[in-house]
Amino acid sequence: MKRTIWTGIRATVVLTVILGVVYPLVMTGIAQLIFPHQANGSPVTASNGSTVGSSLIGQSFSDADGNPLPQYFQPRPSAAGDGYDASSSGGSNQGPENPDLIAAIAQRRTEIASFNGVPESEVPPDAVTASASGLDPDISPAYAAIQVNRVATQRDLPIDKVRSLVQQYTQGRELGYIGDPCVNVVELNLALDELPH
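**Some points on the side chain of Ser-140**
Item 1. Here Ser-140 lies in the loop between β3 (138-139) and α4 (141-145).
Item 2. With relative accessibility at 18%, the residue Ser-140 sits in the buried group.
Item 3. Within the structure, the side chain of Ser-140 is placed 3.1 Å from the backbone nitrogen of Tyr-143, a separation counted as a polar contact.
Item 4. With residues near it in sequence (within four places) discarded, Ser-140 still touches Pro-124, Asp-126, Pro-181 and Val-183.

Structure, rendered in structure tokens:
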């Protein structure tokens, strides 16, 4: 009996050291060597060196009352906590026939069309629906396109300059065929803020 207990204790200690200390340190070291940017959370850094967010997590661009700031490109809606709350990731879990979701989509479509000065028919699906995580930093090029005129007007910039910036921050499909093209709103808004005045 003592031998069995002692063997169990030794196995627990050895496996704890190997799997709880050595393995995580080796994996962390490899990640830091091969993918340091991703291993450190894919931080987005301003030109002054300060970290302003992560390219993997969306942010709200709104005032203290929750109203969207017109000088910024707006992300898709978020169902994570109070919106883009990384500690409360998740979707609404409402099905496509849920009356609350249908009403919310209709309301969002009207608000987004009005905010951007476009017909409701031009509002793309990602502008009115949240991602599964609620933290998606990307929007479709179509959603970015309907925001160009508003952002250019608010910032007193030429429309072509803002459109060109959107194209610069549009990422193609992964490996050329996986997923859809997208625009990272966090990176795009930082680029706008850092344009020379």
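Following the structure, the description resumes.
**Notes on helix α1 (residues 2-34)**
Item 1. Across its 33 residues, α1 extends 46 Å between first and last C-alpha, which sits within 8% of the 48 Å expected from 1.5 Å per residue.
Item 2. The largest bend along α1 measures about 30 degrees and falls at Val-22, with the proline Pro-24 one to four residues further on.

**Structural notes on the layout of surface pockets**
Item 1. Of the pockets and cavities examined, the largest pocket occupies roughly 510 Å³.
Item 2. The element contributing the most residues to the lining of the largest pocket is helix α3 (residues 99-116), with five residues.
Item 3. Across the lining of the largest pocket, the residue classes break down as nine nonpolar, eight polar and four charged.
Item 4. The computed volume of the second largest pocket comes to approximately 160 Å³.
Item 5. Around the second largest pocket, the lining residues are Ala-79, Gly-91, Ser-92, Asn-93, Gln-94, Leu-101, Ala-104, Arg-108, Thr-129, Ala-130 and Ser-131.
Item 6. Of the residues contributing to the lining of the second largest pocket, the split by class is four nonpolar, six polar and one charged.

Conventions used here
- Numbering of residues starts from 1 in each chain and follows the order in which that chain's sequence is written.
- Where totals are concerned, whole chains, interfaces and linings use all residues; where local detail is concerned, this predicted model gives features only for residues with pLDDT of at least 70, and gives and counts side-chain atom pairs only at 80 or more.
- Here the side-chain values reflect all heavy atoms present in the structure, with hydrogen atoms and water set aside.
- Going along the chain from the N terminus, every DSSP run of H or I of four or more residues is numbered as a helix, and every run of E of two or more is numbered as a strand.
- Buried residues are those whose accessible area, probed at 1.4 Å on protein chains only, stays under 20% of the maximum for their type, while exposed residues exceed 50% and partly exposed ones sit between those limits.
- N or O atoms within 3.5 Å of each other form a polar contact, as long as, within protein, one can give a hydrogen and the other can take it, and as long as residues adjacent in sequence are counted only when both atoms are side-chain atoms.
- Here, two residues are considered to be in contact whenever any of their heavy atoms come within 4.5 Å of each other.
- Here a helix's expected span is defined as the number of its residues, less one, multiplied by 1.5 Å.
- To get the bend at a given residue, fit one axis to the seven residues ending there, fit another to the seven starting there, and take the angle between those axes.
- Here a cavity is any set of points on a 1 Å grid over the protein atoms alone where a 1.4 Å probe fits but cannot get out, and a pocket is any open set with protein on both sides within 12 Å along at least 5 of 7 lines; a residue lines the site when it has an atom within 4 Å of a point.
- Grid points are joined across faces, edges and corners, and a volume is the space filled by probe spheres set on the points.
- In this classification, Asp, Glu, Lys and Arg are treated as charged, Ala, Val, Leu, Ile, Met, Phe, Trp, Tyr, Cys and Pro as nonpolar, and every other residue, Gly included, as polar.

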